[in-house]
Amino acid sequence: MTDSKYFTTTKKGEIFELKAELNSDKKEKKKEAVKKVIASMTVGKDVSALFPDVVNCMQTDNLELKKLVYLYLMNYAKSQPDMAIMAVNTFVKDCEDPNPLIRALAVRTMGCIRVDKITEYLCEPLRKCLKDEDPYVRKTAAVCVAKLHDINAQLVEDQGFLDTLKDLISDSNPMVVANAVAALSEIAESHPSSNLLDLNPQSINKLLTALNECTEWGQIFILDCLANYMPKDDREAQSICERVTPRLSHANSAVVLSAVKVLMKFMEMLSKDLDYYGTLLKKLAPPLVTLLSAEPELQYVALRNINLIVQKRPEILKHEMKVFFVKYNDPIYVKLEKLDIMIRLASQANIAQVLAELKEYATEVDVDFVRKAVRAIGRCAIKVEQSAERCVSTLLDLIQTKVNYVVQEAIVVIKDIFRKYPNKYESVIATLCENLDSLDEPEARAAMIWIVGEYAERIDNADELLESFLEGFHDESTQVQLQLLTAIVKLFLKKPTETQELVQQVLSLATQDSDNPDLRDRGYIYWRLLSTDPVAAKEVVLAEKPLISEETDLIEPTLLDELICYIGTLASVYHKPPSAFVEGGRGVVHKSLPPRTASSESTESPETAPAGAPSGDQPDVIPAQGDLLGDLLNLDLGPPVSAPPLAASSVQMGAVDLLGGGLDSLIGDSNFGAPPAAVTTAAAPARLGAPVSSGLSDLFDLTSGVGTLSGSYVAPKTVWLPAIKAKGLEISGTFTRQVGSISMDLQLTNKALQVMTDFAIQFNRNSFGLAPAAPLQVHAPLSPNQTVELSLPLNTVGSVMKMEPLNNLQVAVKNNIDVFYFSTLYPLHVLFVEDGKMDRQMFLATWKDIPNENEAQFQIRDCPLNTEAASNKLQSSNIFTVAKRSVEGQDMLYQSLKLTNGIWVLAELRIQPGNPSLTLSLKCRAPEVSQHVYQAYETILKN
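- As annotated in an unreviewed UniProt entry, the protein is AP complex subunit beta from Cricetulus griseus.
- According to the UniProt record, the Subcellular location (unreviewed entry) comment for the protein reads "Endomembrane system".
- According to the UniProt record, the Sequence similarities (unreviewed entry) comment for the protein reads "Belongs to the adaptor complexes large subunit family."

Right under this line is the structure:
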């Protein structure tokens, strides 16, 4: 009979009956009763009242019964901690049982009972099991240490279990090694600062030896551990790669991806000249291709990982285009992912194949897939110049099918092709105009309007076409309205005499009849431009546009490097770092690829070479990044901005006869007509010739006019995040300290062609716990070519993690376009606090107390200051002179300063009159700070 009988009962007083059965003398009856208890527990009944009776059944030799009792115990120990202590003796006894299965079962259950009162009793049995002669018991005990550490970390450290765990890495049994590595990795993850997995070439060798004989899980643990190791040179990296490569042919896809992760990471250290580098590239392709023959869910995970690998090293799969061709029975999520990779791998060599395939996809039935396929054709045209003509003719063939959504997508991508290859394919405009009536999607309508406005001089009836859109102006979406406004102004500047009424009509619709602040602002700016300086208007509106780049959806290089370190995990499927989706107290450590070797950098091709060395004072902390041009595709199609308009701007601009007479020079007609009376008031500014930006900058420049208080030295702003790496957003900044508060002074410049909103900022954990004390307040949308300056208050109560170098700060800035990452170095003197003056006796005692090996000496050259000037300069930055004396013609200043985290630094500054070189001796209990304090001295004294 099956076990289902335990789940069905109609008796009353069940608990009472079970109690009686549990105390029966017959073993069989006892076992049946425990099974019934477990069955009740499984379906959610509360059987905790039977705790003492079930615990009594532990004293048995029957392994099956023991397992059931332990299962019950794990479930109810937390709610009955006092009762659970009764079981401790049995655990201790079971840990010395002759049967290794029972010993392991006891230690496993001990780890699962999360009751503080019991943990201390479990240390002795656990210590014995960690040194047990049976490997099965040792491997179970290794995992138990990690569980115990989660409950009571201090206890595990005091009892020396971590050292025992480290010794198990040298165990003769591969499974014990794998579990020890897994346990140490787990503990190290929750305590990122502890250096538990202190890997060295000897221990790496042991792990690689164990790798061949482990189970699949064991191999994954060991490979993940290897991925966190930093080889000392390229020879060691190559030797590890050679020993990991056989894992690529493993049947389990998780093992394969973990091996790929290790190889991708260590390839960074190999020179591209090496024969082995080429061999490794060839070996990486087949296992990745094999992953695509699995079931769809696994294929999707593999494709998301391949997407990252292809962005990092397209050469691995450049000959494997065919495996990414879509099969008819692929689910849609696999199809879309394959399409993405096809475009990334498209090149001159395979473009014909790819286009034929994409044209086929565009006739499929799945609408989403067809749209993506049509977009893909456009992306191929932009990526591979030689194929552009073929792509355009393919798109025209698709437009002829007259399938509504195909036509609309084709028009959107043709607009992008015009942007990439101006004056080349404009002959197709006539065909596009024929399909004007069928467009009902905002993006397609906006693209078509852009094309008409941009090439108005070549389209005879451009004014009629735009007028037809204008009829339902208020029913259109914001992006269409904005595009229509710009297109009609372009048309007017190209054909002024014929389109006066049209431009006046659209300007009044945009400024008076619209509630959208974005549209109104743009309308007023055009109106003002046209009425004050038509020549300038031509230069602004008809300016030559930059060519768009082919890859607008590449992952930002520093993020890509981090994601490569997470291949085979959720981060590689989401394409987000773990910190973006893992919540809770666990420290998420930012990983990065090892730096490239010098020999490999010299041989990089121009396409893959990192952007040149950082210029000027830019700290060399940010990993070298390839160029990433801003997303220029959204030309003029900024999303609607929901922020309310600034009252001042509408008054200042709306209060003037903006179109009165200023256009005479352009159209030779003085009867152009003033704007309606509703807008004209007496409060007109004296002169309208001022450039538009001056009015706007007054409104947006929220920090101007605030006088800087005399405080510590403030370095000039430097560019921290160039626009080319942040889709058009440029960030410059510096750090200041005034009256005890630290701030980050930022300058944000929008060099893209779309409005930026929704700014937010976050810091990674850093050496001194620097964190924003308030949100990033950008009060108005940041329009193209606009700059805003703001001051972000900081505090030092954030999470602390020692950085390399010490003053490195990793920052993430988010806006409506994307999240961008950069690193900068903050000057240490912003952390010098105002109460850093030590009294003399204390200074003397502390100087003697700090060991001599902590003293560091530095030379500050080319600094012709006298003692008084130097002392005053340093005091303004919170470096206080405690005492001063002269010895043999030298002035000695004894100084103290205190950092925000309470570290004191003592200094002796020797100044010889007439000698521009100063000698600085620093003493501190944390000597790693000295180098940065010296840099602060040099900065303050020389500026």
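Moving on, there is more to tell.
1. Looking at the overall build of the protein
Alright, step 1. Summing up its helical and strand segments, the protein has 39 helices and 13 strands in all.
Alright, step 2. Of all 943 residues assigned to the protein, the portion counted as buried reaches 52%.
Alright, step 3. Long-range contacts, defined here as pairs at least 24 residues apart, represent 69% of the contacts in the protein between residues at least 6 apart.
Alright, step 4. Of the accessible surface of the protein, which amounts to about 42,300 Å², a share of 51% is contributed by carbon and sulfur atoms.

2. What to know about the environment of Ser-387
Alright, step 1. By the secondary structure assignment, Ser-387 is in the loop between α21 (367-383) and α22 (388-400).
Alright, step 2. What makes Ser-387 buried here is its relative accessible area of 2%.
Alright, step 3. The residues contacting Ser-387, other than those within four sequence positions of it, are Ile-351, Leu-355, Cys-380 and Ala-381.

3. Things to note about the pattern of salt bridges
Alright, step 1. Here the structure, examined in full by the defined rule, presents 36 salt bridges.
Alright, step 2. Of the charged contacts in the structure, one is a salt bridge between Arg-375 and Glu-443, with a shortest N-O distance of 2.9 Å. Remark: Glu-443 occurs in helix α25 (residues 442-454) and Arg-375 occurs in helix α21; sequence separation between them is 68 residues.
Alright, step 3. Given a relative accessible area of 32%, Glu-443 falls into the partly exposed group.
Alright, step 4. Here Glu-730 makes a salt bridge to Lys-751, at a shortest N to O gap of 3.0 Å. Within this pair, whereas Glu-730 is found in strand β2 (residues 729-738), its partner Lys-751 is found in the loop between β3 (741-750) and β4 (760-763), the two being separated by 21 residues in sequence.
Alright, step 5. We classify Lys-751 as partly exposed; its relative accessible area is 45%.

4. Quick word on unusual backbone geometry
Alright, step 1. Looking along the chain, the bond that leaves Glu-804 and enters Pro-805 is cis, with omega of -10°.
Alright, step 2. Position of Pro-805 relative to the elements: it lies in the loop between β6 (787-795) and β7 (808-814).
Alright, step 3. One non-glycine residue, Lys-402, lies in positive phi territory at about 65°.
Alright, step 4. Within the fold, Lys-402 resides in the loop between α22 and α23 (404-420).
Alright, step 5. Phi angles above zero are rare outside glycine, and Asn-878 is one such case at about 70°.
Alright, step 6. Residue Asn-878 is classed as buried on the basis of its relative accessible area, which comes to 9%.

5. As for the nonpolar core
Alright, step 1. If you look at the biggest cluster of nonpolar residues, it comprises 216 residues, and the most contacted ones within it are Tyr-72, Phe-91, Leu-126 and Phe-418.
Alright, step 2. Sequence-distant contacts of Leu-126, that is, excluding residues within four places in its chain, are made with Val-107, Met-110, Ala-141, Cys-144, Val-145, Leu-148 and Phe-161.
Alright, step 3. If you look at the next biggest cluster of nonpolar residues, it comprises 61 residues, including Leu-748, Phe-763, Phe-820 and Phe-832.

6. Digging into the sheet that holds strand β13 (residues 918-924)
Alright, step 1. Pairing in this open sheet of five strands is antiparallel, and the strands run β9-β13-β12-β11-β10 from one edge to the other. Two strands in the sheet have a free side with no partner beyond their single neighbour: β9 (855-860) and β10 (880-887). Shown here is a sheet whose adjacent strand axes are inclined to one another by a mean of 20°, direction ignored.
Alright, step 2. In this sheet, strand β12 (residues 904-911) lies alongside strand β11 (residues 890-898) in antiparallel orientation, the contact comprising eight bridges. Within β12, the residue paired with Leu-893 across the bridge is Leu-909.
Alright, step 3. Strands in contact with helix α37 (residues 840-849) are β9, β10, β11, β12 and β13; relative to β12, the strand with the most contacts, it is inclined by about 95°.

7. As for the packing of aromatic side chains
Alright, step 1. This structure, assessed with the given rule, holds 13 aromatic pairs.
Alright, step 2. With a centroid separation of 4.8 Å and 85° between ring planes, the pair formed by Tyr-574 and Phe-581 is classed as edge-to-face.
Alright, step 3. For the pair Phe-768 and Tyr-826, a centre-to-centre distance of 6.4 Å together with 80° between the ring planes defines the contact as edge-to-face. A residue pair is termed long-range when its members are at least 10 positions apart, and Phe-768 in the loop between β4 and β5 (771-772) and Tyr-826 in the loop between β8 (819-825) and α37 qualify at 58 residues.
Alright, step 4. Exposure remark for Phe-768: the relative accessible area of 5% places this residue in the buried category.
Alright, step 5. Overall, the relative accessible area of 0% leaves Tyr-826 in the buried class.
Alright, step 6. Linked through ring pairs, Trp-720, Phe-735, Phe-768, Phe-822 and Tyr-826 together constitute an aromatic cluster.
Alright, step 7. Sitting over the face of the ring of Phe-369, Lys-335 holds its NZ or CZ atom 5.2 Å from the ring centroid.

8. Observations regarding a negative patch on the surface
Alright, step 1. Together, Glu-464, Glu-467, Glu-471 and Glu-501 line one region of the surface with negative charge.
Alright, step 2. Tracing the backbone shows Glu-467 in helix α26 (residues 462-470).
Alright, step 3. Relative accessible area serves as the criterion here: at 39%, Glu-467 is assigned to the partly exposed category.

9. Some words on the packing of helix α20 (residues 351-361) against α22
Alright, step 1. Viewed as axis vectors pointing N to C, α20 and α22 meet at an angle of 10°, and their least axial separation amounts to 11 Å. Taken together, α20 and α22 sit at an angle that is classed as roughly parallel. Packed against α20, whose contacting residues are Ile-351, Ala-352, Leu-355 and Lys-359, the element α22 presents Arg-390, Cys-391, Thr-394 and Asp-397 at the interface.
Alright, step 2. Residues that form the contact of α20 with α22 fall into these classes: four nonpolar, one polar and three charged.

10. Things to note about the packing of helix α27 (residues 478-494) against helix α29 (residues 517-532)
Alright, step 1. Interaxial distance between α27 and α29 falls to 10 Å at its minimum, and their mutual angle equals 10°. As judged from the angle between their axes, α27 and α29 are roughly parallel. Residues Gln-481, Leu-482, Leu-485, Thr-486, Val-489, Phe-492 and Leu-493 of α27 lie in contact with α29, whose contacting residues are Asp-518, Leu-519, Arg-522, Gly-523, Tyr-526 and Leu-530.
Alright, step 2. Counted by class, the contact of α27 with α29 contains eight nonpolar, three polar and two charged residues.

11. Some thoughts on the sheet that holds β3
Pairing between the strands of a sheet is mediated by backbone hydrogen bonds and can be parallel or antiparallel.
Alright, step 1. Judged by pairing direction, the sheet is antiparallel, and its five strands sit side by side in the order β1-β2-β3-β6-β5 without closing on themselves. Edge positions in the sheet fall to β1 (718-721) and β5, since each of these pairs with one other strand and no more.
Alright, step 2. Pairing of β5 with β6 involves two bridges; the strand directions are antiparallel. Looking at β6, one finds that Pro-772 is bridged to Leu-794.

Conventions used here
- Residues numbered from 1 in each chain as written.
- Predicted model: local features only at pLDDT ≥ 70, side-chain atom pairs only at ≥ 80, totals over all residues.
- Heavy atoms only, no water.
- UniProt positions renumbered as here; feature names shortened; annotations may be inferred.
- Helix = DSSP H or I, 4+ residues; strand = E, 2+ residues; numbered from the N terminus.
- Buried < 20%, exposed > 50% of the residue type's maximum accessible area, 1.4 Å probe, protein only.
- Contact = heavy atoms within 4.5 Å.
- Areas by Shrake-Rupley, 256 points an atom, 1.4 Å probe, with all protein chains shown as cover.
- Salt bridge = Lys/Arg side-chain N within 4 Å of Asp/Glu carboxyl O.
- Core = buried A, V, L, I, M, F, W, Y, C linked by side-chain atoms within 4.5 Å.
- Pairing = 2+ DSSP bridges.
- Axes fitted to C-alpha atoms, helices over the stretch in contact; angles between N-to-C directions.
- Phe/Tyr/Trp six-rings, centres within 6.5 Å; stacked < 30°, edge-to-face > 60°.
- Lys NZ or Arg CZ within 6 Å of the ring centre and 35° of its normal.
- Patch = residues over 30% accessible without salt bridge, like charges linked within 9 Å, V, L, I, M, F, W, Y side chains within 5 Å.
- Lys, Arg positive; Asp, Glu negative; His and termini not counted.
- Charge placed at Lys NZ, Arg CZ, Asp CG, Glu CD.
- Parallel < 35°, antiparallel > 145°, perpendicular 65-115°, else oblique.
- Nonpolar A, V, L, I, M, F, W, Y, C, P; charged D, E, K, R; others polar.

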